[in-house]
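# A look at the structure
Each chain is listed here by its residues.
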Amino acid sequence: MRHSWLRTHTSDAVVARYYQELLNFCWRSLRNREAAADLVQESYARVLGEAAVREPRALLYHTARNLLIDQHRRAALRQHEELDALPETAHPAAPRHLQPEQALESSQDWQACVAAIDALPPRCRDAFVLHVFEELPHAQIAARMGISVSMVEKHIARGMLSCQAQLHSLREAT
């Protein structure tokens, strides 16, 4: 019982001693008396909830400074115009990969690569597909197909060159 009485009176002394000083500190940053008072109150609530604080003033300032930083960050995130309030010409563009032209180009690239892969000899195509789409290492592909690692590398290189050639001819055609 005596301990809670002592803590309450110690807390009252801390509040009385530093309240105005901390309020002025917060007000200088915020220029809003009510917001500063709220911030000081939050600082005291956090600090006085701690057990046995040796330097209450330092902890109050540190807590208030952190709360100010948090408040400024939140305010910075909220500083944007409503998208509906902007004219349509000022709306941000969709990412490049979602633009219709890019989507068409990607589709054409994909079709060209599929055609190039389909045109490969069967063993070359199998090695290329295992490497590119199933992401198997060369040694596993060689073991699975019963060929040397060197041959796997040649098949993969041939597949890459075929895809590049197909894409190059597609670019020249457009």
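This section reports on the structure supplied with the text. (Residues numbered from 1 in each chain as written. Predicted model: local features only at pLDDT ≥ 70, side-chain atom pairs only at ≥ 80, totals over all residues. Heavy atoms only, no water.)

## Quick word on the packing of helix H4 (residues 100–118) against helix H7 (residues 149–173)
For any two helices packed against each other, one specifies the inter-axial angle together with the distance between the axes. Where H4 meets H7, the axes come as close as 8 Å, and the angle between the chain directions of the two elements is 135°. Looking at the two axes, H4 sits oblique to H7. By crossing handedness, the relation of H4 to H7 is classed as right-handed. On H7, the residues that touch Glu105, Gln108, Asp109, Ala112, Cys113, Ala115, Ala116 and Ile117 of H4 are Ser162, Cys163, Gln166, Leu167, Leu170 and Arg171. The residue makeup of the contact of H4 with H7, split by class, is eight nonpolar, three polar and three charged. (Axes fitted to C-alpha atoms, helices over the stretch in contact; angles between N-to-C directions. Helix = DSSP H or I, 4+ residues; strand = E, 2+ residues; numbered from the N terminus. Parallel < 35°, antiparallel > 145°, perpendicular 65-115°, else oblique. Left-handed = near helix turned anticlockwise from the far one by under 90°. Contact = heavy atoms within 4.5 Å. Nonpolar A, V, L, I, M, F, W, Y, C, P; charged D, E, K, R; others polar.)

## Regarding a nonpolar patch on the surface
Side chains of Trp110, Val114, Val132, Phe133 and Met160 sit close together on the surface and give an oily, nonpolar patch of about 460 Å² of accessible area. Within the fold, valine 132 resides in helix H5 (residues 122–132). (Patch = residues over 30% accessible without salt bridge, like charges linked within 9 Å, V, L, I, M, F, W, Y side chains within 5 Å. Areas by Shrake-Rupley, 256 points an atom, 1.4 Å probe, with all protein chains shown as cover. Salt bridge = Lys/Arg side-chain N within 4 Å of Asp/Glu carboxyl O.)

## Things to note about the packing of aromatic side chains
With the rule as written, the count across this model stands at three aromatic pairs. A cation over an aromatic ring shows up here: arginine 31 above the ring of tryptophan 27, its NZ or CZ 4.5 Å from the ring centre. (Phe/Tyr/Trp six-rings, centres within 6.5 Å; stacked < 30°, edge-to-face > 60°. Lys NZ or Arg CZ within 6 Å of the ring centre and 35° of its normal.)

## A word on H5
Among all positions in H5, only Cys124, Ala127, Phe128 and Leu130 are buried. Viewed along the axis of H5, the buried residues span an arc of 165°, placing them on a single side of the element. On the buried face of H5, the contacting elements are H4, helix H6 (138–145) and H7. (Buried < 20%, exposed > 50% of the residue type's maximum accessible area, 1.4 Å probe, protein only. Arc of directions from axis to C-beta.)

## What about H7?
Under the 1.5 Å per step criterion, the end-to-end length of H7 is 36 Å for 25 residues, consistent within 8% with the ideal 36 Å. Restricting attention to buried positions, one finds in H7 the residues Val152, His155, Ile156, Gly159 and Cys163. Looking at the packing, one finds that the buried side of H7 touches H4, H5 and H6. (Expected span 1.5 Å × (residues − 1).)

## A look at the nonpolar core
Ranked by size, the top nonpolar core spans 17 residues in total, and within it Leu22, Phe25, Cys26 and Leu39 carry the most contacts. Of all the secondary structure elements, the ones that give two or more residues to this core are helix H1 (2–30), helix H2 (33–48) and helix H3 (56–78). Apart from the residues within four sequence positions on either side, leucine 22 is in contact with Val40, Ser43, Tyr44, Leu60, Tyr61 and Ala64. (Core = buried A, V, L, I, M, F, W, Y, C linked by side-chain atoms within 4.5 Å.)

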